[in-house]
Amino acid sequence: GKGGKQIGILLEDDVRFVVRDALKFPSGATKCQMRVIGKTEYDGVNGVAALCVADGRIVMREIYRHATRSWELEIVRGRRETGQTSRQAVRAEVKQELGYMVKRMRRVGVICPDTALLSSVLELFVVELKEGRRKDEPEASEAFGRIHRLTYRQLQKKILRGVVRDSYTLGCLTLAHLHGLVE
């Protein structure tokens, strides 16, 4: 590659590849750029995110994110396993992260969360949760905090204050609003 840089797969784990590509732009300029490719994208979208609603309130959870080194307040989201449909992934993630079963779900669109680095495409849903006792099933490698039940206005205030800042939540909320599903 340019400047002796390695081209191709640089790193690989169970979930993704980190790749460096040699590029040639329309201007004729050349450059090496890295991207992250999810291993499940070869048979569908990489993952899903779901804006969950119960009793007219948006249900979100605090989760510790290693990348930001902080607790983030987010909607449910997760990787779609190879061979799994997006709807199956939503049901599994809602159960795992919030402990509820899904009553209804509606697909509202897709998001590419970081087109400069990630090849990821995620399907977005609005989910109505079934009433009843909840029992979450977190993976051992996840750190979950409190569950929040917010009105749309309370969530708007948290976004404006920078408390809610991840692209999955912001994208899903925007699409849900455009579909007239939250207000």
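To start, this report covers the structure provided alongside it. Everything numeric here is computed off the predicted structure, so don't read it as measured data.

Conventions used here
Residues numbered from 1 in each chain as written. Predicted model: local features only at pLDDT ≥ 70, side-chain atom pairs only at ≥ 80, totals over all residues. Heavy atoms only, no water. Helix = DSSP H or I, 4+ residues; strand = E, 2+ residues; numbered from the N terminus. Contact = heavy atoms within 4.5 Å. 1 Å grid on protein atoms, 1.4 Å probe; cavity = no way out; pocket = protein on both sides within 12 Å on 5 of 7 lines; lining within 4 Å. Points joined across faces, edges and corners; volume = space filled by probe spheres on them. Nonpolar A, V, L, I, M, F, W, Y, C, P; charged D, E, K, R; others polar.

Another point: unusual backbone geometry. Of note, the phi angle at Asp55 is positive, near 55 degrees, even though the residue is not glycine. Considering the arrangement of structural elements, one finds Asp55 in the loop between strand S4 (47-54) and strand S5 (57-65). Phi angles above zero are rare outside glycine, and Arg69 is one such case at about 55 degrees. Take Arg69: it is sitting in the loop between S5 and strand S6 (70-74).

What follows covers the environment of Val102. Assignment of secondary structure puts Val102 in strand S8 (residues 102-111). Separated by 16 residues in sequence, Val102 and Leu118 have C-alpha atoms that sit 29 Å apart. If we ignore the near neighbours within four places in the chain, the residues touching Val102 are Arg91, Val94, Val127, Glu128 and Lys130.

Turning next to empty space enclosed by the protein. Inspection of the entire model under this criterion finds 1 cavity of 30 Å³ or more. Looking at the largest cavity, its volume works out to about 50 Å³. Lining the largest cavity, in full, are Arg61, Ile63, Arg65, Glu74, Ile75, Val76, Glu97 and Phe144. For the lining of the largest cavity, the class distribution of residues is 4 nonpolar, no polar and 4 charged.

What is shown is where atoms sit, not what they do.
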